[in-house]
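Read off the chains here:
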Amino acid sequence: MSIDSLRRSARATVSGLPQGFWWLWLSTLVNRTGAFVLTFLSLYLTVELGHSAWFAGLVVALHGLGGVAGSPLGGTLTDRWGRRPTMVTMHLAAAACAAALAVVTSAWAIATVVLLMGVAMQAVRPSINATIADMVPAHDVRRAYALNYWALNLGFAIASIGGGAAIFLGYRTLFVVDAVATVLCAVIVFLRLPETRPEARTDKAGEPVVEAKVSMVTVLRDAPFRTLVLLNLLVCLVFTAPWIGLPLTMADQGLSPSSYGVVIAVNGIVIVGFQLLVNRLTDKRSPVLLLSLSSLLFAVGTGATALAGSSVVAFAATVVVWTVGEMIHVPTNAAATALLAPEHARGRYQGVMGMSWAVAGFVAPIGAGAIVDGPGPNVLWAATFAIGILAAVGYTLRLRKALVDDSDSDGGSGSGDSEAVVVVGDIAGDTTGKAAVTA
């Protein structure tokens, strides 16, 4: 592929999206560029404050537990209160928690603050995802989610490098910078991002149309969406396992922590360098095909870790494989979620989907550590391989009717009905109709 073709591909990938999306994209970049708390929290707790590694792991797990509660909370507020107020409030709450970590020192206070931070950080995501679904034309939704995910990873890469270089300033200084960046993110949203919550529909006589009430129970009764959530949970378990199991496996092979640092850095490098290209190559593809393919890549990438031996290059190659799966899965799953959601309930659907990520973030580290300490690393990677294959089969067999790639359709929005057959051609870019979408 020539340089000119790459440039044309990059322009096509970033062109045609509304201005509001780019303000949201910028807010994501700013927010993640200052995301120092989770990156350096375990070091702060063990090196600076002298807590045990067990306590550090517990605190990180509490962040995930907070997300389990925060995601449905944020989804409900997004639909009832509005997208922008929810984003601004939760960003400011997360900033307050980051600032608090710079001053509190007791174990209970730190654990409480991190738990609340998990609630706030996860609560903001349904509003972001719903906003993208509201403002971006249906045929561009998956591309928009991919670009926002790219901004998140680009910001995280900058934060990792900048935080490592600035660590001599002290952990508390980094937490304050995190708080300032999050406040700046909230300011961008407040000043530049319009409220996108759909207005109440009216009939031909101008009378308001009464929408069916949607609760969290209603969302969970939506059979196609419930299946999508459960399959995403399986994929999330596979995706989360390497972040705990990989360093332990490499240490078991006699490799140093610095070797792990090099290997895991491949994840960010591949995403930052190739997300736009992957998005271009997967554009207009069937969502079921993409979700199945990403599950297979997760399965093969993590499963092959058991075969890497003591080769740093081999470990890095496995990371490349499951990272490509990550780049395909995240925006496609987000778009499919949004499509299945009724327009007036996008926040709640996003919130329930977000719970699957939060639950995996809490369960997978504990399970991966227990398996490595018990049966051993090879059992962990065999399990992730099997789970990934199971997810791929599930997408193909259980969602091929709910997520139909129909290029003849002019689009549609999710009905929330458990028996609905929903067209997802819009998400793949095959049609021009307006669809409901999430991340």
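For the structure itself, look to the data block above.
Conventions used here
- Residues numbered from 1 in each chain as written.
- Predicted model: local features only at pLDDT ≥ 70, side-chain atom pairs only at ≥ 80, totals over all residues.
- Heavy atoms only, no water.
- Helix = DSSP H or I, 4+ residues; strand = E, 2+ residues; numbered from the N terminus.
- Contact = heavy atoms within 4.5 Å.
- Areas by Shrake-Rupley, 256 points an atom, 1.4 Å probe, with all protein chains shown as cover.
- Core = buried A, V, L, I, M, F, W, Y, C linked by side-chain atoms within 4.5 Å.
- Buried < 20%, exposed > 50% of the residue type's maximum accessible area, 1.4 Å probe, protein only.
- Salt bridge = Lys/Arg side-chain N within 4 Å of Asp/Glu carboxyl O.
- Expected span 1.5 Å × (residues − 1).
- Axes fitted to C-alpha atoms, helices over the stretch in contact; angles between N-to-C directions.
- Left-handed = near helix turned anticlockwise from the far one by under 90°.
- Nonpolar A, V, L, I, M, F, W, Y, C, P; charged D, E, K, R; others polar.
- Parallel < 35°, antiparallel > 145°, perpendicular 65-115°, else oblique.
- Phe/Tyr/Trp six-rings, centres within 6.5 Å; stacked < 30°, edge-to-face > 60°.
- Lys NZ or Arg CZ within 6 Å of the ring centre and 35° of its normal.
- Patch = residues over 30% accessible without salt bridge, like charges linked within 9 Å, V, L, I, M, F, W, Y side chains within 5 Å.
- Polar contact = N/O pair within 3.5 Å; in protein donor to acceptor, adjacent residues only side chain to side chain.

Draft legend 1. Region of the structure containing the overall build of the protein. Helix and strand content of the protein: 16 helices and zero strands. By sequence separation, contacts in the protein at least 24 residues apart represent 83% of the contacts at least 6 residues apart. Accessible surface computed for the protein: about 18400 Å², of which carbon and sulfur atoms make up 67%.

Draft legend 2. Examining the nonpolar core more closely. Core analysis: the biggest nonpolar cluster contains 45 residues, and Phe225, Leu228, Leu246, Tyr395 and Leu403 have the highest contact counts within it. Of all the elements in the fold, those that place two or more residues in this core are helix H10 (223–252), helix H11 (257–282), helix H12 (287–303), helix H13 (312–340), helix H14 (346–373) and helix H15 (377–398).

Draft legend 3. Structural context of the side chain of Asp79. Tracing the backbone shows Asp79 in helix H4 (residues 53–80). Residue Asp79 is classed as buried on the basis of its relative accessible area, which comes to 9%. Residues in contact with Asp79, not counting those within four places in the same chain, are Arg197, His344, Ala345, Arg346, Gly347 and Arg348.

Draft legend 4. Summary view of the pattern of salt bridges. Scanning the entire structure with this criterion turns up six salt bridges. Residue Asp134 pairs with Arg346 through a salt bridge whose shortest N-O separation is 2.4 Å. Here the residue Asp134 occupies a position in helix H6 (residues 107–135), and Arg346 occupies one in helix H14, the gap between them amounting to 212 residues. For the pair Asp134 and Arg346, a shared accessibility class is recorded, and that class is buried.

Draft legend 5. Expanded view of the environment of Phe385. Structurally, Phe385 is set in helix H15. With sequence-adjacent residues up to four places away left out, Phe385 is seen in contact with Ala299, Val300, Thr302 and Gly303.

Draft legend 6. Local environment of helix H2 (residues 19–33). Helix length check: H2 (15 residues) gives 21 Å between terminal C-alpha atoms against 21 Å at 1.5 Å per residue, within 8%. Those residues of H2 that fall on the buried side of the exposure criterion are Gly20, Phe21, Leu24, Trp25, Ser27, Thr28, Leu29, Val30, Asn31 and Arg32.

Draft legend 7. Representation of the packing of H10 against H11. At a minimum axis distance of 10 Å, the contact between H10 and H11 shows a crossing angle of 145°. Crossing of H10 against H11: the hand is right-handed. Contacts between H10 and H11 involve Trp243, Leu246, Pro247 and Met250 on the former and, on the latter, Ser259, Tyr260, Val263, Ile264 and Asn267. When grouped by side-chain class, the residues that make up the contact of H10 with H11 number seven nonpolar, two polar and no charged.

Draft legend 8. Representation of the packing of helix H5 (residues 83–101) against H6 in the model. Contact geometry of H5 with H6 gives a least axis separation of 8 Å together with a crossing angle of 155°. Relative to H6, the element H5 lies roughly antiparallel. By crossing handedness, the relation of H5 to H6 is classed as left-handed. A per-class count over the contact of H5 with H6 returns 19 nonpolar, four polar and two charged.

Draft legend 9. Highlighting the packing of aromatic side chains. According to the stated counting rule, one finds 12 aromatic pairs in the structure shown. Ring centres of Phe225 and Tyr349 lie 4.6 Å apart, and the angle between their planes is 45°; this geometry places the pair in the tilted category. Of this pair, Phe225 sits in helix H10 while Tyr349 sits in helix H14, and the two are 124 residues apart along the sequence. Accessibility expressed as a relative area gives 1% for Tyr349, which makes it buried. The rings of Phe239, Trp243, Phe298, Trp322 and Trp357 are connected pair by pair, giving a single aromatic cluster. The side chain of Arg84 reaches across the aromatic face of Phe190, ending 5.5 Å from its centre.

Draft legend 10. Molecular detail of a nonpolar patch on the surface. Residues Leu92, Val183, Leu184, Val187, Phe190 and Leu191 make up a contiguous nonpolar surface patch of roughly 530 Å² in combined accessible area. At five residues, the largest contribution of residues to the nonpolar patch is made by helix H8 (residues 171–192). Summarising the element assignment, Leu92 is placed in helix H5.

Draft legend 11. Representation of the environment of Thr396. Checked against the element boundaries, Thr396 lands in helix H15. Residues Thr396 and Leu293, spaced 103 residues apart in sequence, show a C-alpha to C-alpha distance of 9.9 Å. In this view, Thr396 contacts Val288 and Ser292; residues no more than four positions away in its chain are not counted. In terms of polar contacts, Thr396 uses its side chain to reach the side chain of Ser292, at 3.0 Å.

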